[in-house]
Amino acid sequence: MLELGAGAEAVLAAGGRGSVTAVFRNAAYLRLPAGLFALTTDDVPSGPLHARGALPIQRLVAGDPVTVTASHLYAGGVTVDLAGATVWRGPLPSAGELAAGAGVALEVLVGAGPSALADAAFEPRLAGAVAHLDRGDLAGVVDALAGLGPGLTPAGDDTLAGILLVTRARLGPAAEPALVEQAQRARTNDIAGAFMAWAARGQSIEPVHRFLTASAGQDAACATAALADLLRFGHSSGADLAFGLRLAIAAIP
Amino acid sequence: MTVIALPGEIEVVNLGLPLFADAIGDQGRPVVHVDWRPPADGDLTVVAALSRLYGKRAAAIDEANAEVARRLDQGIPVLVGIGAAGVALPGVGERTIVHCGPRINWDRVCDPLRRSVRAAVMAEGWADSPDGADALLTAGEVELEPANLHQAVVPMASAIGPSMPVFVVDNPQGGTCAYSAINQGPGEVPWFGRETPAAVERLVFLREVAGPLLAECLAGTGPIDIFGLASQGLQMGDDLHMRTQATTNLFVRAILPQLLGLDSPRRAELGTFLAGNHLFFLNLAMAAAKSLTLWAEQVEGSSLVTTMSRNGTDYGIRLSGSDEWFITASPPVGNAMYYSGFGPDQAAPDIGDSAVLELIGLGGSAAAASPAVAAFVGGTMADAIATTEEVDRIAVARSTRLKLPTLDYRGTPMGIDVRKVVELGITPKVNTGILHATDGTGQVGAGVAEAPIECFREALLALDRRLA
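Thresholds, definitions, all that
Residues numbered from 1 in each chain as written. Chains lettered and ligands numbered in written order. Predicted model: local features only at pLDDT ≥ 70, side-chain atom pairs only at ≥ 80, totals over all residues. Heavy atoms only, no water. Helix = DSSP H or I, 4+ residues; strand = E, 2+ residues; numbered from the N terminus. Rg over C-alpha atoms; globule rule 2.2 N^0.38 Å. Buried < 20%, exposed > 50% of the residue type's maximum accessible area, 1.4 Å probe, protein only. Contact = heavy atoms within 4.5 Å. Salt bridge = Lys/Arg side-chain N within 4 Å of Asp/Glu carboxyl O. Polar contact = N/O pair within 3.5 Å; in protein donor to acceptor, adjacent residues only side chain to side chain. Nonpolar A, V, L, I, M, F, W, Y, C, P; charged D, E, K, R; others polar. Pairing = 2+ DSSP bridges.

Q: When you look at the overall build of chain B in this model, what are you seeing that I'm missing?
A: In terms of helices and strands, chain B carries 16 helices and 18 strands. The C-alpha radius of gyration of chain B comes to 23 Å, within 12% of the 23 Å expected for a compact globule of 468 residues. By its C-alpha atoms, chain B is 100 × 45 × 45 Å across when sized along the principal axes. Counting over 468 residues, chain B shows a buried share of 59%. A separation of at least 24 residues holds for 70% of the contacts in chain B among residues at least 6 apart in sequence.

Written as structure tokens, this is what we have:
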């Protein structure tokens, strides 16, 4: 059974033809007219850009043609039946719940590993970002962090995604257009840009949502387990996302 | 603390994933992208095999490959006549239907080929309805045999019974002989997965009219040099797979005196059939290609592909010097254009023996020759040239007789090296038609199919074991 994140659902619903952009061990990124999404194996967490299932990812090669119809996705030699796919959306706590759980969240986040941005080389930009965040200047935060650091999704972008997600939870759906606009200002690669845009719409990978809702419910044990799952995501992306959550939660007025 | 002064201007060389280069380019900065990826997708078992096949065994393999390439390039296939399949094809029994692709049991045969086989059974007079034909096939009272195992090749969903006429193509240099059916033409025809009365009638027409009259023409012309015509057709916009219009015209011109001299009341029917069949030469080119691969496959120890064939269910390849098939699921045709009202949901997987053309420098290898093919690979001649250039990366030689005007008369790439295919992850591109998957509509589009990598990977590992 295929599970679609909100972003993957939107891209596939628009259909059309495109190509495979990049292939990794358990995920392949596909570009279609409406944007990017990822075909992933079941062991990758749910996420806004993920189309998860028992998929033979390794049969795909970058450059393979992709065609999406109302019922099927054809990518290289892989055919994916879209009929009956379920749609996953990560739940977000309300602003009040988020504030109430901030103490638990920050306490648990102490156990997160260091972000790639902890390297001294990034200290000036990071200090600038924190200062902008404390002033509520999100545009300044984006300018300071976008594209910064290592990774397929640069560490600065993952950190920004955490900040955007918490900000979206705090300000509610009405803030989405402004947050998406900020995410789209980031000068970075398309994959990182797409993840940030969906964070601005309140959607990130599943352990992030589990962490926030557990924290909001004052459930430190569940939040700790969720954080452990988050830290296993990507090479350093999980830690960088957690770092963004910590910065944004700490900045809640 | 050491202070490193960063340059004021940054120019980037990007290796690997193009998305980083795209991001830099989108920001207006100079970037050079190097299309590098780990060999064999980083599969360590395969990389180890490649290391041996490119290492200590390379000299012997390269020598064998050079001989295979020489045979593919220097055989001169000639059309010498027409015979009945049951008599001409070695080892074909009286109740046998010869079909495209690797061996397959009736219960796994895809819908278009099922219809074509049933039409062939009806044309033989063994059944008078599709249901009757199906009953015979289900009961095992009609034998199915792959054409490739009987020195023959047939395009798309073709299936032929023992009474059907076949072209006889000799390769005197190699002492080989190959066969192909007469192309069935457009419309309601079994090779497109039809089994209507009109489709069966077309087979009867080929047997009763086209076969005998063409045989009479050929008796008058003498042997016809197939690649002599094909090399001219290539200069006239044919790729000799998806488009054979020009070469078909050249062939009709070659037999025109004999055609007009036929003393038959059905001569005009043959003329009408030829005038309406722009793919007539396809089967001749395929038989010629098969006569070359039959010679080439006798070379031991080569890493070159000498069989590439699909039955709509399975995709199979063989390497020179071995009878072993390497089979994987037949993929959908990726780069495709469909007739109005049809799309990938209705499309059958890749099918037919015609991929033999891509092994000897025609079809996808010759895409750069054909504006007609360009429409399927991006729309411009630059796209068509890029298709040929990609095949060039996995080939070991270039044809000395099949020349590409758009590439300053460079020869088409030929001799597909399984080592290069697996190392680079580039599989042959096959120009082909697309049939309806389920309802017998017939052809619903055309496109350029990419061979699946899995069978090449298995073939490489088997070659490594065989040469150990």
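Continuing now.
Q: Before we go on, may I ask you to explain the interface of chain A and chain B in this structure?
A: Frequently, the measure chosen for interface size is the accessible area that the parts lose on association. Contacts between the two partners involve 25 residues from chain A, matched on the other side by 19 residues from chain B. At the surface where chain A touches chain B, the tally comes to zero salt bridges. Taken together, the links from chain A to chain B amount to six residue pairs in polar contact (both at pLDDT 80 or more). Sorting elements by how many residues they give to the side of chain A that touches chain B places strand S2 (residues 16–23) of chain A first, with three residues. Split into classes, the residues belonging to the side of chain A that touches chain B amount to eight nonpolar, twelve polar and five charged.

Q: Please clarify how the sheet that holds strand S14 (residues 351–352) of chain B should be interpreted in this entry.
A: All names here are of chain B. Spatially, four strands are ordered S12-S11-S10-S14 in an open sheet, and the strand pairing comes out antiparallel. A strand with exactly one partner marks an edge of an open sheet, and here the two such strands are strand S12 (326–329) and S14. Two strands pair when backbone bridges link them, and strand S10 (residues 305–311) and S14 are joined in this way by two bridges, in the antiparallel orientation. Opposite Asn311, over in S14, you have Ile351 as the bridge partner.

Q: Is there a simple way to think about the pairing of strand S3 (residues 78–84) of chain B in this case?
A: A regular strand places its side chains so that they alternate between the two faces of the sheet. Residues and elements named next belong to chain B. Inspection of the sheet shows S3 paired to strand S7 (residues 165–171) by six bridges, in the antiparallel sense. Bridging from a neighbouring strand, Gly83 pairs with Val166 of S7. In this sheet, strand S9 (residues 224–225) lies alongside S3 in antiparallel orientation, the contact comprising two bridges. Opposite Val78, over in S9, you have Asp225 as the bridge partner.

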